[in-house]
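# Survey of secondary and tertiary structure
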Amino acid sequence: MKEGRYGLVLPMNKISMNNKRFVVVGATGMVGHEMLAVLSEHHVPYANVVPVASEKSAGQFVKYGNTQLAVSTLDSVDFHVFDIALFSAGSEVSAVYAPIAANAGCVVIDNSSYFRGHDDVALIVPEVNMTDISKYSNKRLIANPNCSTIQVVMVLKPLHDMFGLRELVMSTYQATSGAGQKAVNELLEQISTLKAGRVVCTQYFRKQIAFNAIPQIDNFSELGYTREELKMMNETRKILGVGDIITTATCVRIPVVTGHAVSVFAKFAEDIDIHRTIIALNEFPGVKVVDDNATYTYATPIDAAGGNDVLVSRMRRHPNLKNALSFWCVSDNLRKGAALNAVQIASRL
């Protein structure tokens, strides 16, 4: 078992969850499919996994390893017979059914945004703040953070521990899969339409997404920030326990299918040492530095897609501010940004 600078690193394939029964709510969605894939990769028997979706999915089957599982409807589920419920069916479903599952004895790990800001609910990235669960009164309900937030705090945690985070500016470049299958379909359909020389129409997005960048994710708040931007700002402070830092975010949707990227500018209480930074990041579980200007080596969303790590590139200390660092990080938004993080929480429990 590896002992790292940040404590015991538990390889996922060494953690047995074989005796736990899982219900995956929202199993026919993109994140739901990925949750099933991650559970299968870590050898949870198919007999211990029940996929659940809405009435319109009744009679469907979903892939689980080399087998197919029948989809149950949400109203037919008896949560008393399950140990862990993984929710990824949206805030409206979580608001109603997550408390029902928790009251039935399930530990609920919810991927929606509904519970993330609740004062009695822990918001967890296992490598960063797993012990925070003990601080919150609601022990049977755990929130999975925003996908972009997860990859940023994975990088910031070791840096904050060394140098003391004070200010944070984040700009995201988020893949269409973060908005679901309909968003991905619209991107692909628009590309085909443009190649055929026809005029595109928009349905899911307010602007054309193909060959474009849209500086809006989620609805606008009265402050002028989008809800996605406020999520990143608030969740980062909650996870890192830095309620007093100055932070801002701009969230942009780009024409990529899988893999979120975030550009970060951070100021710290102490001067940055790049050599120490690289060592600390490479020691941190789930983070990998991919950064060599001499060979044009840096990570892109395609490099992260299908993988479990957060890849960090373009690290540079500000030329005039010795306590300021800029970096670029990418991660698979469906895996570490959602499904993998949820399963890791379940395994650490």
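Residues numbered from 1 in each chain as written. Predicted model: local features only at pLDDT ≥ 70, side-chain atom pairs only at ≥ 80, totals over all residues. Heavy atoms only, no water.

On to the overall build of the chain. Looking only at helices and strands, one finds 9 helices and 19 strands in the chain. Taking 20 Å as the expected radius of gyration for a compact globule of 349 residues, we find that the chain reaches 20 Å, a close match to that expectation. Taken over the C-alpha atoms alone, the chain extends approximately 60 × 55 × 40 Å along its principal axes. Taken over 349 residues, the chain has a buried fraction of 52%. The contacts of the chain with a sequence gap of at least 6 include a subset with a gap of at least 24, amounting to 66%. As displayed, the chain has an accessible area near 15800 Å², and 50% of this comes from carbon and sulfur atoms. (Helix = DSSP H or I, 4+ residues; strand = E, 2+ residues; numbered from the N terminus. Rg over C-alpha atoms; globule rule 2.2 N^0.38 Å. Buried < 20%, exposed > 50% of the residue type's maximum accessible area, 1.4 Å probe, protein only. Contact = heavy atoms within 4.5 Å. Areas by Shrake-Rupley, 256 points an atom, 1.4 Å probe, with all protein chains shown as cover.)

With that out of the way, let us pick up the confidence of the model for the chain. Per-residue confidence for the chain gives a mean pLDDT of 94; residues scoring 70 or more make up 95%. For residues 1-14, every residue scores under 50 in pLDDT, and the model assigns this stretch 25 contacts once sequence neighbours within four places are set aside. (pLDDT = per-residue confidence, 0-100.)

All right, on to the nonpolar core then. Phe-79, Val-108, Leu-159 and Phe-327 are the most contacted members of the largest nonpolar core, which totals 61 residues. Leave out the neighbours within four places in its chain, and Phe-327 touches Val-155, Leu-156, Leu-159, Val-262, Ser-263, Val-264, Val-312, Ser-313, Arg-314, Met-315 and Arg-316. One finds Phe-22, Val-24, Ala-122 and Leu-334 within the second-largest nonpolar core, a separate group that totals 36 residues. (Core = buried A, V, L, I, M, F, W, Y, C linked by side-chain atoms within 4.5 Å.)

Before going further, it helps to spend a moment on the sheet that holds strand 4 (residues 49-53). What the 7 strands build is an open sheet, ordered 7-4-3-8-9-11-10; its pairing is parallel. Each edge of the open sheet is held by one strand with a lone partner, namely strand 7 (72-73) and strand 10 (122-123). Relative to strand 4, strand 3 (residues 22-25) runs parallel, the two sharing 4 bridges. Paired with Val-25 across the bridge in strand 4 is Val-52. (Pairing = 2+ DSSP bridges.)

With that out of the way, let us pick up unusual backbone geometry. One non-glycine residue, Asp-218, lies in positive phi territory at about 75 degrees. The exposure class of Asp-218 is partly exposed, given its relative accessible area of 26%. If you check the backbone angles, Tyr-296 has positive phi at about 55 degrees while not being a glycine. As for its placement among the helices and strands, Tyr-296 is situated in the loop between strand 16 (291-292) and strand 17 (297-298). Looking at Tyr-296, the relative accessible area reads 66%, which means it is exposed.

Attention now moves to the environment of Lys-56. Mapping Lys-56 onto the fold places it in the loop between strand 4 and strand 5 (61-64). Residue Lys-56 is classed as exposed on the basis of its relative accessible area of 74%. Spatially, the C-alpha atom of Lys-56 lies 32 Å from that of Ser-331, the residues being 275 residues apart in sequence.

Once that is clear, we can look at the packing of aromatic side chains. For the coordinates displayed, the defined rule picks out 5 aromatic pairs. Relative to Phe-205, the ring of Tyr-204 has its centre 5.1 Å away and its plane inclined at 80 degrees; by these criteria the two rings are edge-to-face. Owing to a relative accessible area of 9%, Phe-205 belongs among the buried residues under this scheme. (Phe/Tyr/Trp six-rings, centres within 6.5 Å; stacked < 30°, edge-to-face > 60°.)

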